Amino acid sequence: MSLSSASLLTLCFLTPFVFSTSIEWNSNLACQILASKINNRVFFPGGAEYNASVFSYAYVQQQILKPSCIVKPSDSAEVATTLKALRRSPATQFAIRSGGHGTNGGFSNIDSGVTVDMTSIHGVDILEDGITASIGTGALWGDVYAVLDTHNRSLNGGRASGVGIGGFLSGGGIGFFALQYGFGCDAVVNMEVVLSSGDIINANATSNPALFKALKGGQNNFGVVTRWDITTISKGEFWGGSIVYPNSTTAKQLEAFTHWKTPENFDPSSSVEQSHVYIEPLQTFLVSNSIFYTKPREFPLNLKNYTDIQPQISSTLRISNATDFSYEVQSFSTPNQSSIYATTTFRMCPTIIKKVHAIWKAYAEKLPHNATITSSLTLQSIPPPATDPTKLNSLGFDPASTPQKDLVLVLISNFWENPEAGAQVRGSAADFINDVDRIAEEEGVAHKFRYMNYADADFQQPLHTTGQLDDLRKVALEYDAIGMFQRQVTGGWKLYP
Ligand SMILES: Cc1cc2nc3c(=O)[nH]c(=O)nc-3n(C[C@H](O)[C@H](O)[C@H](O)COP(=O)(O)OP(=O)(O)OC[C@H]3O[C@@H](n4cnc5c(N)ncnc54)[C@H](O)[C@@H]3O)c2cc1C
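Residues numbered from 1 in each chain as written. Predicted model: local features only at pLDDT ≥ 70, side-chain atom pairs only at ≥ 80, totals over all residues.

## Here's the deal with the overall build of the protein chain
Item 1. Summing up its helical and strand segments, the protein chain has 17 helices and 19 strands in all.
Item 2. Relative to the globule expectation of 23 Å for 497 residues, the C-alpha radius of gyration of the protein chain, 23 Å, shows essentially globular dimensions.
Item 3. With the C-alpha coordinates aligned to their principal axes, the bounding extent of the protein chain is approximately 75 × 55 × 40 Å. (Helix = DSSP H or I, 4+ residues; strand = E, 2+ residues; numbered from the N terminus. Rg over C-alpha atoms; globule rule 2.2 N^0.38 Å.)

Shown next, in the form of structure tokens:
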């Protein structure tokens, strides 16, 4: 039962110290206040809508968190109402969720706090210019491609259909055409943002430009983005898919990747994610290459080194559209398990790929048995930096640099069933990254960049690797002077310490 408005108001004006008896007590009260302000959009434990939200997170470490209530605003005005109410309850902690694919527990869900679930703000429209897509932050990339494909337009969104817009774009975003057009966030021309004051503002190249830049790589530190306006590209069907090969091809795979990553072979039309996979229950190693070409041209020369490798267990190579490809990539993921992502970056050199693979193989073989673990080492490229001064992001790459040619992005992703294996799997992922970094140092190719969307919160700090921290702190002070997004939003990459 809700408290009456009068008694809620009285309670709100009492000092927070009176209510600091427990975090849970505070958030329960905040939930009651929110329920009194936003009709039918606040959901409590035990209800169907609450359960559907909690279980729609991709991985167990977010699904096990149980907020005191979940607010599902249906428009930016309701987001503003929510933030104003939370501002008046400073001891209440809250999480901001878009697609719920973040792999760090507590980044977009929370125990004993309030989860602001943005999935009801999910409209996808092409504006009258026929070029700009206006996307509600709660949409999923599969929904976006489905709309854009009917207009022969596309963009650099997530390659898996289930990934959300908000986390992906605010962390950078690497899509199917990334090596040609840059990070997904670089095509954003405007964001609608709700600040801790409850003000709803637009951030773009001319209005709030510092905030505009900060939100492209600064994630949830400044406000809640409700809508992203993005310049799309003309794009019909293109060629690509995934080839799975037996472990016997590993030496050829490492050579193919090394050849493809040699700077003089760079071709912005092609993209490759080479995954070395260990399936622990079967004690089996495999290799999977997800390869895409930005045009509807089959078997381009630049990707021949991968397509020629035999034997192949399966191949889905074809000409199709982004919607279809994104559902295929999603089907390869293993949701509803425990998972960890961790990442590092190094400069390409002829000898390092084989060494990194050797470290990973030894590491995979030591993973605990009987935990139903799948471990993948994925190697790929980093998109080119934004060069247009009106489109800069906060990822820290100098416009004159060429990361797309020079750098290799490493992702280690582990998924497992047995919760008891968690500590060991997490610890060994950290050991693996440390070993790769040591090898990169020895080879003289170490690089400081850690990609936010792939980083692990227990031992990585991507915001400290971009050289942008001071600027981001200034923007946070200007747009969130009370520090709500630092103190009350406990999940995510924080600006302090
Ligand atoms: C199966 C899978 C495939 C992936 N594929 C790719 C890929 O192809 N390319 C790539 O670059 N990355 C990829 N990723 C990583 C992905 O980009 C990140 O996990 C991203 O954070 C997910 O966004 P989300 O909205 O689903 O996440 P959420 O879990 O909802 O949010 C992640 C973080 O962003 C913050 N946030 C979310 N929405 C907002 C908002 N509106 N305003 C402010 N802050 C917000 C949250 O508070 C949280 O800290 C993949 C991940 C998975 C699990």
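## A closer look at the nonpolar core
Item 1. Counting 126 residues, the largest nonpolar core has Leu 34 and Leu 211 as the members making the most contacts within it.
Item 2. If one sorts the elements of this core by residue count, strand β19 (residues 407–416) sits on top with seven residues.
Item 3. Setting aside anything within four residues of it in sequence, one finds Leu 34 in contact with Val 42, Cys 69, Val 71, Thr 82 and Ala 85. (Core = buried A, V, L, I, M, F, W, Y, C linked by C-beta atoms within 7 Å. Buried ≥ 20, exposed ≤ 12 C-beta atoms within 10 Å, placed from the backbone. Contact = placed C-beta atoms within 7 Å.)

## Brief notes about the sheet that holds strand β8 (residues 188–194)
Item 1. If you walk across this open sheet you meet the five strands as β5-β6-β10-β8-β9, and the pairing is antiparallel. The outermost strands of the open sheet, each flanked by one partner alone, are β5 (124–126) and β9 (200–204). Adjacent strand axes in the sheet meet at a mean angle of 20° when their direction is disregarded.
Item 2. Of the strands in this sheet, β8, β9 and β10 (224–231) touch helix α5 (residues 76–87), which is tilted by about 45° from β8. (Pairing = 2+ DSSP bridges. Axes fitted to C-alpha atoms, helices over the stretch in contact; angles between N-to-C directions.)

## Overview of helix α10 (residues 250–260)
Item 1. Of the positions making up α10, those classed as buried are Gln 253, Leu 254, Ala 256, Phe 257, Thr 258 and Trp 260.
Item 2. Contact partners of the buried residues in α10: β12 (238–246), β13 (270–279), β14 (284–293), α11 (304–307), α13 (352–365) and β18 (374–381).

## Considerations on the site of the ligand
Item 1. The environment of the ligand is formed by 33 residues, the closest being Gly 99, Gly 102, Gly 164, Gly 166 and Gly 167.
Item 2. Of all the secondary structure elements, the ones that give two or more residues to the shell around the ligand are β3 (94–97), α7 (165–170) and β10.
Item 3. No other element matches the four residues that α7 contributes to the shell around the ligand.
Item 4. Among the residues making up the shell around the ligand, the classes are represented as 10 nonpolar, 21 polar and two charged. (Near = placed C-beta within 6 Å. Nonpolar A, V, L, I, M, F, W, Y, C, P; charged D, E, K, R; others polar.)

## Overview of the domain arrangement of the protein chain
Item 1. Split into domains, the protein chain comes out as domain 1 (5–120), domain 2 (124–235 + 468–480) and domain 3 (238–464).
Item 2. Taking only C-alpha atoms into account, the centre of domain 2 sits 24 Å from that of domain 3.
Item 3. The interface of domain 2 with domain 3 comprises 34 residues on the first partner and 32 residues on the second.
Item 4. At the level of secondary structure, the elements contributing two or more residues to the side of domain 2 that touches domain 3 comprise α6 (141–149), α8 (178–181), α9 (209–214) and α16 (469–479).
Item 5. The element that contributes the greatest number of residues to the side of domain 2 that touches domain 3 is α6, accounting for five residues.
Item 6. Of the residues in the side of domain 2 that touches domain 3, the class split is 16 nonpolar, 12 polar and six charged. (Domains from an automatic or database assignment.)

## Here's the deal with α5
Item 1. Taking 1.5 Å of rise per residue, the 12 residues of α5 would be expected to cover 16 Å, and the 16 Å separating its terminal C-alpha atoms lies within 8% of that figure.
Item 2. For α5, the complete set of buried residues consists of Glu 78, Val 79, Thr 82, Leu 83, Ala 85 and Leu 86. For α5, the angular spread of the buried residues around the axis is 160°, confining them to a single face.
Item 3. For α5, the secondary structure elements touched by its buried residues are α2 (23–37), β2 (69–71), β3, β4 (114–117), β8 and β10. (Expected span 1.5 Å × (residues − 1). Arc of directions from axis to C-beta.)

## A few points about the environment of Lys 252
Item 1. Tracing the backbone through its elements, the reader meets Lys 252 in helix α10.
Item 2. Exposure remark for Lys 252: the 16 C-beta atoms within 10 Å place this residue in the partly exposed category.
Item 3. Sequence separation between Lys 252 and Ser 314 is 62 residues; the distance between their C-alpha atoms is 17 Å.

## A few points about the packing of α10 against α13
A pair of packed helices can be characterised by two numbers: the angle between their axes and the separation between those axes.
Item 1. Contact geometry of α10 with α13 gives a least axis separation of 9 Å together with a crossing angle of 140°. When the axis of α10 is compared with that of α13, the two are oblique. Note on packing geometry: the crossing formed by α10 with α13 is right-handed. For the pair formed by α10 and α13, the contact residues are Leu 254, Phe 257 and Thr 258 on the first element and Ile 353, Lys 354 and His 357 on the second.
Item 2. Looking at the contact of α10 with α13 residue by residue, the class counts come to three nonpolar, two polar and one charged. (Parallel < 35°, antiparallel > 145°, perpendicular 65-115°, else oblique. Left-handed = near helix turned anticlockwise from the far one by under 90°.)

## Here's the deal with the confidence of the model for the protein chain
Item 1. Put simply, the protein chain has an average pLDDT of 95, and 96% of its residues get 70 or more.
Item 2. Within the model, pLDDT remains below 50 along residues 1–20, and this stretch shows 19 contacts once partners closer than five positions in the same chain are excluded. (pLDDT = per-residue confidence, 0-100.)

## What about the sheet that holds β2?
Item 1. Read across the sheet, four strands follow the order β1-β2-β4-β3 without closing on themselves; strand pairing throughout is mixed. Since the sheet does not close on itself, it has two edges, and those belong to β1 (42–43) and β3, each with one partner.
Item 2. Here three bridges tie β2 to β4, and the two strands are oriented parallel to one another. Across the sheet, the residue bridging to Ile 70 is Thr 115, located in β4.

## Remarks on the packing of α13 against helix α15 (residues 422–443)
Item 1. Contact geometry for α13 and α15: axes closest at 10 Å, N-to-C directions at 155°. Comparing the axis directions of α13 and α15 gives the class roughly antiparallel. As for how α13 packs across α15, the hand of that crossing is right-handed. On α15, the residues touching Ile 352, Lys 355, Val 356, Ile 359, Trp 360 and Tyr 363 of α13 are Ser 428, Phe 432, Asp 435, Val 436, Ile 439, Ala 440 and Glu 443.
Item 2. Of the residues contributing to the contact of α13 with α15, the split by class is nine nonpolar, one polar and three charged.

## Looking at unusual backbone geometry
Item 1. With an omega of 0°, the peptide bond between Gln 310 and Pro 311 qualifies as cis.
Item 2. Inspection of the secondary structure puts Pro 311 in the loop between α11 and β15 (314–315).
Item 3. The phi dihedral of Asn 336 is positive, around 65°, even though this residue is not glycine.
Item 4. Exposure remark for Asn 336: the 13 C-beta atoms within 10 Å place this residue in the partly exposed category.
Item 5. In the Ramachandran plot, Asn 370 falls in the positive-phi region, its phi being about 60° despite a non-glycine side chain.
Item 6. Among the residues examined, Asn 370 registers 11 C-beta atoms within 10 Å and is labelled exposed.

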